[in-house]
Amino acid sequence: MLFAPGIPEDRLQHLRHHRRLRQALTHTGWKQERVVSEFWDGKILLILPDDPKFALRKAAEVLSVVDAELGFPEHSRIPGPHSRVSVYLFLSPAGRVLGCLAAHPIRQAYRLLPEPDPRDNSQDNSQDNSRDNSRDSLRAWRCSVQPEPAACGISRIWVLRAQRRRGIARRMLEALRRTFVFGAVLSFGDLAFSDPTADGRAFAARCCAR
Ligand code: ACO
């Protein structure tokens, strides 16, 4: 979002935007919240499709921030009884939302194929290389046409920029594996990431390879 600080209308819009973000990423706490993991630096809350409206509203607020950052259409999967979306929120001890993961049940998924090595291209030159790198995050991945069985589709995984590389996404993934299906621990092979970004793909490759 571009804004000119000298223009009062722009400044007002900018302040409104930040107030909205701050509100969406603040959790004041509920009497009955479903805490699925606790750590010295925070806890993970699970919001299920049949939870009370106030909980679903909080999940939707956080997802609207995440969707805006990921470029998803607004309200692409609103949490609620019909959506079957489970939302995991990583909260700091001060009640800030530091991370979010949204997942829903699936039956099958399509495995991503390895990217071709650009050095294999005989037409390749340094100019093409730099163009390839800048396009990396915009690239559509290639995937297999053969479906494979899967149990859980992760439609969004997101961590506040300043909190990345502190194991927050990994801890949300572990909480998901333990709690997504009652009485079972999902294996990494049961999980699928839908349309991952470059960050999402690198994270999934790192975590699911273990
Ligand atoms: N590139 C390479 N490795 C990575 C990356 C990355 N961008 N991100 C995480 N990893 C690795 C870490 O090094 C770590 O490995 P290690 O334990 O061996 O050191 C492992 O993955 C776990 O990292 P976390 O710290 O748990 O990941 P983090 O909390 O930083 O969150 C995330 C990763 C969610 C991808 C974050 O970078 C982010 O929010 N990015 C912007 C939003 C986004 O693109 N989300 C994915 C969308 S795709 C989808 O939602 C299906």
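**Structural notes on the overall build of the protein**
Counting its secondary structure elements, the protein contains 5 helices and 8 strands. Tracing the protein from N to C terminus, the helices and strands come up as α-β-β-α-β-β-β-α-β-β-α-β-α. For the protein, buried positions account for 37% of its 210 residues. Considering only contacts within the protein whose residues lie at least 6 apart along the sequence, 69% involve residues at least 24 apart. Of the roughly 13500 Å² that the protein leaves accessible, carbon and sulfur atoms contribute 53%.

**Brief notes about the side chain of S86**
Looking at the element boundaries, S86 is found in strand β3 (residues 86–91). You can call S86 buried: its relative accessible area is 7%.

**A short note on the nonpolar core**
Judged by nonpolar contacts, the single largest core of 47 residues is most densely connected at Y88, L89, L101, L173 and L176. Residue assignment for this core shows that the elements contributing at least two residues are β2 (42–47), α2 (53–70), β3, β4 (97–105), β7 (152–159), α4 (168–179), β8 (191–193) and α5 (198–208). When residues in this core are grouped by element, the largest group, 7 residues, is from α2. Sequence-distant contacts of L176, that is, excluding residues within four places in its chain, are made with Y88, L101, A103, C152, I154 and L191.

**As for the packing of α4 against α5**
Axis separation between α4 and α5 bottoms out at 11 Å; the angle between their running directions is 60 degrees. Here α5 runs oblique to α4, going by the angle between their axes. For the crossing formed where α4 meets α5, the hand is right-handed. Touching A169, R170 and L173 of α4 are F203, C207 and C208, all from α5. Of the residues that constitute the contact of α4 with α5, the class distribution is 5 nonpolar, no polar and 1 charged.

Each value, and the rule that gives it
- Residues numbered from 1 in each chain as written.
- Predicted model: local features only at pLDDT ≥ 70, side-chain atom pairs only at ≥ 80, totals over all residues.
- Heavy atoms only, no water.
- Helix = DSSP H or I, 4+ residues; strand = E, 2+ residues; numbered from the N terminus.
- Buried < 20%, exposed > 50% of the residue type's maximum accessible area, 1.4 Å probe, protein only.
- Contact = heavy atoms within 4.5 Å.
- Areas by Shrake-Rupley, 256 points an atom, 1.4 Å probe, with all protein chains shown as cover.
- Core = buried A, V, L, I, M, F, W, Y, C linked by side-chain atoms within 4.5 Å.
- Axes fitted to C-alpha atoms, helices over the stretch in contact; angles between N-to-C directions.
- Parallel < 35°, antiparallel > 145°, perpendicular 65-115°, else oblique.
- Left-handed = near helix turned anticlockwise from the far one by under 90°.
- Nonpolar A, V, L, I, M, F, W, Y, C, P; charged D, E, K, R; others polar.

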